[in-house]
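Structural features, examined
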2 protein chains.
Amino acid sequence: MPPTSEILTAERILEATEEVLRRHGPAKATVVDVARALGVSHGSVYRHFRTKAALREAVTKRWLDRTSESLAGIAADASRDPRQRLGDWLAALFEAKRRKAGDDPELFATYMVLTDENGGAVAEHITDLTGQLTRIVRAGVDAGVFTVADPAATARALFQATGRFHDPGYHREWELPGVEDEFDAVVGLLLRGLGV
Amino acid sequence: MPPTSEILTAERILEATEEVLRRHGPAKATVVDVARALGVSHGSVYRHFRTKAALREAVTKRWLDRTSESLAGIAADASRDPRQRLGDWLAALFEAKRRKAGDDPELFATYMVLTDENGGAVAEHITDLTGQLTRIVRAGVDAGVFTVADPAATARALFQATGRFHDPGYHREWELPGVEDEFDAVVGLLLRGLGV
DNA sequence: CAGCTGACAGATATCAATATCTGTCAGCTG
DNA sequence: CAGCTGACAGATATTGATATCTGTCAGCTG
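Brief notes about the relation of the copies chain A and chain B
- Taken as rigid bodies, chain A and chain B are interconverted by a rotation of 180° and an axial shift of 0.0 Å, the fit giving an RMSD of 0.0 Å. Taken together, these values place the two copies in the relation of a two-fold axis.
- Interface residue correspondence from chain A to chain B reaches 100%, placing this contact among same-surface, isologous pairings.

Printed below as a string of structure tokens:
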């Protein structure tokens, strides 16, 4: 009895896993659930992902990559001046994370569990994001608007100094009144620090 | 059978509670344990603290206050110029937290549980610290070394931007090689942003 | 014969019965 | 009689017996 006659792909498994995680939450989502959602035996899932942990890591990576990709456009937009590009990029990062946390708190909590499990995927994500920041900073140095010795180190510092506005650990504070002003105060100070 | 003939005070209970927390950890430390350590019945403990939660909050406050007090000296030291005072204060805060986390990881984990339980005490602690920072910033403005519109808002921004180097949630990263440089990069950027 | 199934062993989670703890208070004691 | 005790009821945690899940693999099927 094949309910879906399509062939089973890693992609289809990832989609089904996201759905199961959304429905059951991270604690109760099992490989058997994923297999049932796809109308196959759980043995078939193990044909595409060696372990449950590997499956969850792949889901985590996909989720993180979606954010990175949405920011890459701003980082690469050479039509804006670097100072404004930097401000826009940081604001867009904040806004993206805040929307994810605010729009569907349960799903966000699920992904917080997943990111805790998968330090490796998170590290890659952070490397990716600081890479984008480095490109903006370097553009600013080349344009003569930023005075900075080591663009990569400065990019890391910028990322870390704004952690309160993108690190999921702070998500509760993103809905408090005044966060916008706090964000502006921190970013303002940092932009001034980049030199004229 | 009175093992200690001294009268029972809130202070003695707090000391015993710290010891029990150190020994048993936050999950297993009970009021009965505290009473046993003092050689009294647990009813006597409830004569000084209305609930177990109130007792744990008092222990938490004491612990946080010890850090605040150690920094107050630097904040008040008018003999150093504000720029250096600010750098020293932030470095001392980082160093204090890092030592607490590194010297006795288990005890630190215990206090992380306690601070999670007692958001109120933590909020007071943060108000206290940003107050100290505000005084330094204001001194800098008065001395003409900082160009800042709202010292209190700037103090909050400085505190938040350096969160990675004092927020217990980041304690794992405080032992990584290169944190010192990261700290210097962030603080350097912020100090530059305060204006000449 | 490539891809899938389902029975299986060991690991992990669930659940209900039992034990311990929290918070109260009437009464003891020095 | 101020301060403490210890028995108690209800709430919370622990335990161990049971059920479910993970990961494997020999063999089925189209």
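Some words on the domain arrangement of chain A
Residue and element names in this part refer to chain A.
- According to the domain assignment, chain A consists of domain 1 (1-49) and domain 2 (53-193).
- Taking the mean C-alpha position of each, domain 1 and domain 2 sit 31 Å from one another.
- At the interface, 13 residues of domain 1 touch 12 residues of domain 2.
- Regarding the contact of domain 1 and domain 2, the summed buried area is about 1,100 Å², with carbon and sulfur atoms giving 67% of it.
- It is Glu-18, Leu-21 and Pro-26 that lose the most area in domain 1 upon contact with domain 2, and together they represent 47% of the buried surface on that side.
- At the boundary of domain 1 with domain 2, the tally comes to three salt bridges.
- For Arg-66, the salt bridge identified is with Glu-18, shortest N-O distance 2.4 Å.
- On inspection of domain 1 and its partner domain 2, the count reaches three residue pairs in polar contact (both at pLDDT 80 or more).
- Among the elements that line the side of domain 1 that touches domain 2, the one with the most residues is helix 1 (residues 10-28), at 10 residues.
- Taken together, the residues that form the side of domain 1 that touches domain 2 break down as seven nonpolar, two polar and four charged.

A look at the environment of A:Ala152
- Mapped onto the elements, A:Ala152 comes out in helix 8 (residues 151-161).
- Sequence spacing of A:Ala152 and A:Thr130 is 22 residues, and the spatial spacing of their C-alpha atoms is 7.7 Å.

Description of the interface of chain A and chain B
- At the junction of the two partners, chain A supplies 21 residues and chain B supplies 21 residues.
- Between chain A and chain B, the buried area comes to about 1,700 Å², and carbon and sulfur atoms account for 58% of it.
- Interface area lost by chain A to chain B is led by A:Gln160, A:Leu189 and A:Arg192, which between them contribute 35%.
- On inspection of chain A and its partner chain B, the count reaches zero salt bridges.
- Remark: the boundary between chain A and chain B carries eight residue pairs in polar contact (both at pLDDT 80 or more).

Thoughts on the protein's contact with DNA strand D
- Around DNA strand D, 14 residues are found, and the nearest of them are A:His42, A:Tyr46, A:Lys52, B:Ser41 and B:Ser44.
- Take A:Val31: an N or O atom from its main chain is 3.2 Å from a phosphate oxygen of DNA strand D.
- A:His42 has a polar side-chain atom sitting 3.0 Å from a base oxygen of DNA strand D.
- Elements with a minimum of two residues in the surface near DNA strand D: helix 2 (31-38) and helix 3 (42-48) of chain A together with helix 3 (42-48) of chain B.
- By residue number, the principal contributor to the surface near DNA strand D is helix 3 of chain B, which donates four residues.
- A breakdown of the residues in the surface near DNA strand D according to their chemical character gives five nonpolar, seven polar and two charged.

Things to note about the pattern of salt bridges
- The final tally for this structure, using the stated rule, is 30 salt bridges over all chains.
- Close ionic contact of A:Glu182 with A:Arg164 constitutes a salt bridge, the shortest N to O distance being 2.7 Å. On the criterion of sequence distance, the pair formed by A:Glu182 in helix 9 (residues 179-193) and A:Arg164 in the loop between helix 8 and helix 9 is long-range, its members being 18 residues apart.
- Taking relative accessible area as the criterion, A:Arg164 reaches 14% and is therefore assigned buried.
- With a shortest N-O distance of 3.3 Å, B:Arg23 and B:Glu19 are connected by a salt bridge. Taken as a pair, B:Arg23 and B:Glu19 lie in helix 1 (residues 10-24) at a separation of four residues, close to a single helical turn.

Parameters and conventions
Residues numbered from 1 in each chain as written. Chains lettered and ligands numbered in written order. Predicted model: local features only at pLDDT ≥ 70, side-chain atom pairs only at ≥ 80, totals over all residues. Heavy atoms only, no water. Least-squares fit on C-alpha atoms with pLDDT ≥ 70 in both. Contact = heavy atoms within 4.5 Å. Domains from an automatic or database assignment. Buried area = accessible area lost by both parts, 1.4 Å probe. Salt bridge = Lys/Arg side-chain N within 4 Å of Asp/Glu carboxyl O. Polar contact = N/O pair within 3.5 Å; in protein donor to acceptor, adjacent residues only side chain to side chain. Helix = DSSP H or I, 4+ residues; strand = E, 2+ residues; numbered from the N terminus. Nonpolar A, V, L, I, M, F, W, Y, C, P; charged D, E, K, R; others polar. Near = heavy atom within 4 Å. Buried < 20%, exposed > 50% of the residue type's maximum accessible area, 1.4 Å probe, protein only.

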